Amino acid sequence: MRALVLVLLTMFALPAGAGGVELLRAFIAEVKGMKAEFTQATVDGNGRAAQQAAGSFQFQRPGRFRWTTVRPYEQLVVGDGRKVWLYDRELDQVTVKNMGDALGSSPAALLAGSGELDRAYRFSTLPRRDGLEWVEAVPADPDSSFERMRIGFRKANPEVMELLDRLGQTTTIRFTRLERNPKLPAELFRFTPPPGADVVGDP
């Protein structure tokens, strides 16, 4: 399965001077749904470019989301609240997993889940950098694929997310056209495998 990062962010009102942890907690409390566009770049442990991608996503908490990659290849991930469906158009393959097994301590679980943050992560506010207020989230699960996640906010808007995985890779995701609590049709969060596609997992 190709590498995939599910990231869901938006903007909301916060007190002046709020730190990274406060910004994230306000996001979880205030934002029930979201849509945005993204660009994504991954580098290996030596700083060499490993992957680039771009696309869009929508989510409705808890646990429903749609993540669409449009380049360099087409890929769709849909979470319907019970299952997560990954469709790779080039391979004509669908991989389906139970929601809990698929998300674990991933960015999607952090930002689109139930909001029970302190059970799954340890949080700390990082020093201001690049004009952004930063929060770091370290998964409590030692088997998580990510060692840590960092989110950078500017004036309460999440602009950047950095994901450091256990292979030494760093994925940086930048967000544009963020919209808080939009009206999202229920059909966005449903998926039916295309006729003839190879389905792997337990639908």
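Each value, and the rule that gives it
- Numbers given for residues are sequential positions, taken from 1 along each chain in its written order.
- Per-residue local features of the predicted model are confined to residues with pLDDT of at least 70, and side-chain atom pairs are confined, for both listing and counting, to 80 or more; whole-chain, interface and lining totals are unaffected and use all residues.
- Heavy atoms from the whole structure form the basis of all side-chain values; hydrogens and water molecules are not counted.
- Type-normalised accessible area, obtained with a 1.4 Å probe on protein chains alone, sets the label of each residue: buried when under 20%, exposed when over 50%, and partly exposed for intermediate values.
- By the criteria applied, helices consist of DSSP H or I runs no shorter than four residues and strands consist of E runs no shorter than two, each listed in order from the N terminus.
- At least two bridges found by DSSP between two strands are what make those strands a pair.
- Any Lys or Arg side-chain nitrogen found within 4 Å of a carboxyl oxygen on Asp or Glu counts as a salt bridge.
- Orientation is described by axes fitted as lines to C-alpha atoms, over the contacting stretch for helices, and by angles from 0 to 180 degrees between their N-to-C directions.
- By the convention used here, residues are in contact when the closest approach between their heavy atoms is within 4.5 Å.

Peer 1: Explanation requested: the pairing of strand β4 (residues 75-80) in the structure shown.
Peer 2: In regular strands, side chains alternate between the two faces of the sheet. Counting buried residues along β4, five of its six residues qualify, which places the element largely inside the surrounding structure. Here strand β3 (residues 64-71) hands over to β4 after three residues, the two strands then running antiparallel side by side. By the bridge criterion, five bridges tie β4 to strand β5 (residues 83-88) in an arrangement that is antiparallel. Within β5, the position partnered with Leu76 by the bridge is Tyr87.

Peer 1: Even after reading the chapter, I still don't get the pattern of salt bridges, so can you show me in this structure?
Peer 2: Pairs can form between side chains of opposite charge once their charged atoms are near each other. Enumeration according to the criterion identifies eleven salt bridges in this entry. Between Glu37 and Arg177 there is a salt bridge, with the nearest N and O atoms lying 3.5 Å from each other. Taken together, the positions of Glu37 in strand β1 (residues 33-43) and Arg177 in strand β11 (residues 170-180) put the pair 140 residues apart, joining distant regions of the chain. Glu37 sits in the partly exposed class, given a relative accessible area of 34%. Residue Arg177 is classed as exposed on the basis of its relative accessible area of 64%. In this structure, Glu136 and Arg148 form a salt bridge, with 3.1 Å as the shortest nitrogen-oxygen distance. Taken together, the residues span a long stretch of sequence, with Glu136 in strand β8 (residues 132-139) and Arg148 in strand β9 (residues 146-154) at a distance of twelve residues. Taking the relative accessible area as the measure of exposure, Arg148 reaches 25% and is therefore partly exposed. Overlapping salt bridges bring together Arg129, Asp130 and Glu162 as one network.

Peer 1: Sorry, what's going on with the sheet that holds β3 here?
Peer 2: Sheet strands pair by backbone hydrogen bonding; their relative direction is either parallel or antiparallel. Pairing is mixed in the open sheet, where twelve strands are placed in the order β7-β8-β9-β10-β11-β1-β2-β3-β4-β5-β6-β12. Two strands bound the open sheet, and with one partner strand each, they are β7 (121-129) and β12 (198-201). Taking each pair of neighbouring strands and ignoring which way they run, the sheet shows an average axis angle of 20°. Bridge analysis of strand β10 (residues 157-165) against β11 gives five bridges, and the strand direction is antiparallel. Opposite Leu164, over in β11, you have Thr170 as the bridge partner. The sheet contacts of helix α1 (residues 20-30) involve β2 (49-60), β7, β8 and β9, and relative to β7 the element is tilted by about 125°.

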